[in-house]
Amino acid sequence: MKYLKVIAFTHKQIELKELGKLVLCQEDLTGKLQQVKEQFNIPELFYLSTCNRVEFVMATSQPVDRDFAQRFLQSLSMGLCPYYMNTFIDAASIYEDQEALTHLLRTSCSLESLVVGEKEILAQLRKAYENCRANGLTGDYLRMVMNCVVKTAKEVYTHTNISRNPISVVSLAYRKLKELKQCSNSRVLIIGAGETNRNISKYLQKHKYSNFAVFNRTLANAQTMAADLNGEAYDLDALKTYSKGFDVIITCTSATQPIITAEIYKSLLNGETERKTIVDLAVPNDTAPEVLEQFAVNFIEVSTLNEIAKKNLQERYQELVHAERIINQNIDEFLPLLKQRRIEVAMRQVPETIKQIKHKALNTVFADEVQAMDEQSRQVLEKVIAYMEKKYISVPMVMAKEIMINNN
């Protein structure tokens, strides 16, 4: 494992807003990576960038320290001023050997993520590697490493509960809504066109909800969101006169006073009497207390969801022990495989060399003697030589593998 090196910049040491300065433009990515690969004589290299990390994973025999990391970053021409360059280098985490493998496995299993248990990191890691592999930046060594990374992550997500219970307010809100068995043609009013409502509307759209009306203080933002949902757009004042009825209200605004007053809610009901659902993800709530007192409402609010999120997060952390055990098992299994692969690569020339010796023996050194044999004797000789050739190829490779594994 001595060739595996990782230079990592993560949320643990660097503010998320500052990490963006280390992100490479996709248009220039391949060219820049090829340039530093050649400049620093790095046999294999790939680059990972997510919302909370930027990492360079490489296979190289040369020492990788902070001085190397600084020269490496400078060569990527990121336009960093001396202050930021020094800040990032001081905050860099540099891993090598088995520690580098452990870091990659922990990263793929989301143990190093800002939110433990979020599966997206595995897909991001695979995509980053595949992009670099497709552009000739990686080879056989990192291929084996990534096989181990993917296998380990899949086992962790399958055999532990580290990702099973959602911890984002949006996903929890959708689950609560789903428990109420709302049908996909339910009339959904969305109040506020911010990120939270955009995210929950994506959940709804993914699960075939299609009847949306979007209300927002700025009509243009409501129109943009409504266009994505194939719904209708209104300004916030239109809530007072909206008469098409509803089944679900999803609200999240930055208002300091309730948006849904008892008067507005009664108007929105438009004479309907059945129990409705309000998903209020605003802090403070957009729903006036009087609404809950006067009407039959299934009320889902952010404070309750946060309590569930905290409980689920604690359960995820309890799964870390099981995840660590799976990681350690995979490391123990992978190291012998890597050593065997190194032997196979080192001995690739053996079969060809033996074939050349066989050809020379039959056609040059002992050519006259072979020609003097009768057909039956020549066939027996060829069978004997073919058998010996097979053994001369397989036996040394098996012995070499056993010797390396036993010595280590």
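Everything numeric in this text was worked out from a predicted model, so none of it was measured.

*Asks:* Talk me through the nonpolar core; I want residue IDs and the actual numbers.
*Replies:* Counting 70 residues, the largest nonpolar core has Phe9, Phe56 and Phe72 as its most contacted members. With 11 residues, helix α7 (residues 140–159) is the single largest residue contributor to this core. Setting aside its immediate chain neighbours within four residues, Phe72 contacts Val36, Phe40, Ile42, Leu45, Phe56 and Met58. Of all hydrophobic cores here, the second largest spans 27 residues; its members include Phe212, Val248, Leu281 and Ile300.

*Asks:* Tell me about unusual backbone geometry, and please be specific about residues and values.
*Replies:* Located in the positive-phi region is Asn230, a residue other than glycine, with phi close to 55 degrees. Although it is not a glycine, Asn270 adopts a positive phi angle of roughly 50 degrees. Taking relative accessible area as the criterion, Asn270 reaches 46% and is therefore assigned partly exposed.

*Asks:* How would you sum up the pairing of strand β6 (residues 211–216)? Please name residues and give values.
*Replies:* Burial analysis of β6 places 5 of its 6 residues in the buried class, the great majority of the element. Remark: the strand β5 (residues 187–191)/helix α9 (residues 195–206)/β6 crossover connection has right-handed handedness. The pairing of β6 with strand β7 (residues 232–235) spans 4 bridges and is classified as parallel. Note on β7: the bridge partner recorded for Phe215 is Tyr234. For the crossover from β6 across helix α10 (residues 219–229) to β7, the handedness is right-handed.

*Asks:* Go over the environment of Thr160 with me, naming the residues and quoting the values.
*Replies:* Tracing the backbone through its elements, the reader meets Thr160 in the loop between α7 and α8 (169–179). By relative accessible area, Thr160 is classed as buried at 1%. As for Thr160 and Leu320, which are separated by 160 residues in sequence, their C-alpha atoms are 8.6 Å apart. If sequence neighbours within four positions are ignored, Thr160 has contacts with Glu155, Glu319, His322, Ala323 and Ile326. Engagement of the side chain of Thr160 in a polar contact is seen with the backbone oxygen of Val156, the distance being 2.6 Å.

Parameters and conventions
- All residue numbers here refer to positions counted from 1 along the written sequence of the relevant chain.
- Whole-chain, interface and lining totals are the exception, using all residues; otherwise, since this is a predicted model, local features are given only for residues with pLDDT of at least 70 and side-chain atom pairs are given and counted only at 80 or more.
- To get the side-chain values, all heavy atoms of the structure are used, and hydrogens and water are removed first.
- For the purposes of this section, nonpolar cores are sets of buried Ala, Val, Leu, Ile, Met, Phe, Trp, Tyr and Cys residues that join through side-chain atoms within 4.5 Å.
- Only protein chains enter the accessibility calculation, which uses a 1.4 Å probe; a residue whose area is less than 20% of its type maximum is buried, one above 50% is exposed, and one in between is partly exposed.
- Where helices and strands are cited, they refer to DSSP runs of H or I of at least four residues and of E of at least two residues respectively, numbered from the N terminus.
- Here, residues are in contact when the closest pair of their heavy atoms is within 4.5 Å.
- By convention a crossover is right-handed if, when the strands point away from the viewer, the path from the first strand over the helix to the second runs clockwise.
- In this analysis, strands are considered paired if DSSP registers two or more bridges between them.
- Whenever a nitrogen or oxygen atom comes within 3.5 Å of another N or O atom, the pair is scored as a polar contact, on the condition that within protein one atom can donate a hydrogen and the other can accept it, and that pairs from neighbouring residues in sequence are kept only if both atoms are in side chains.

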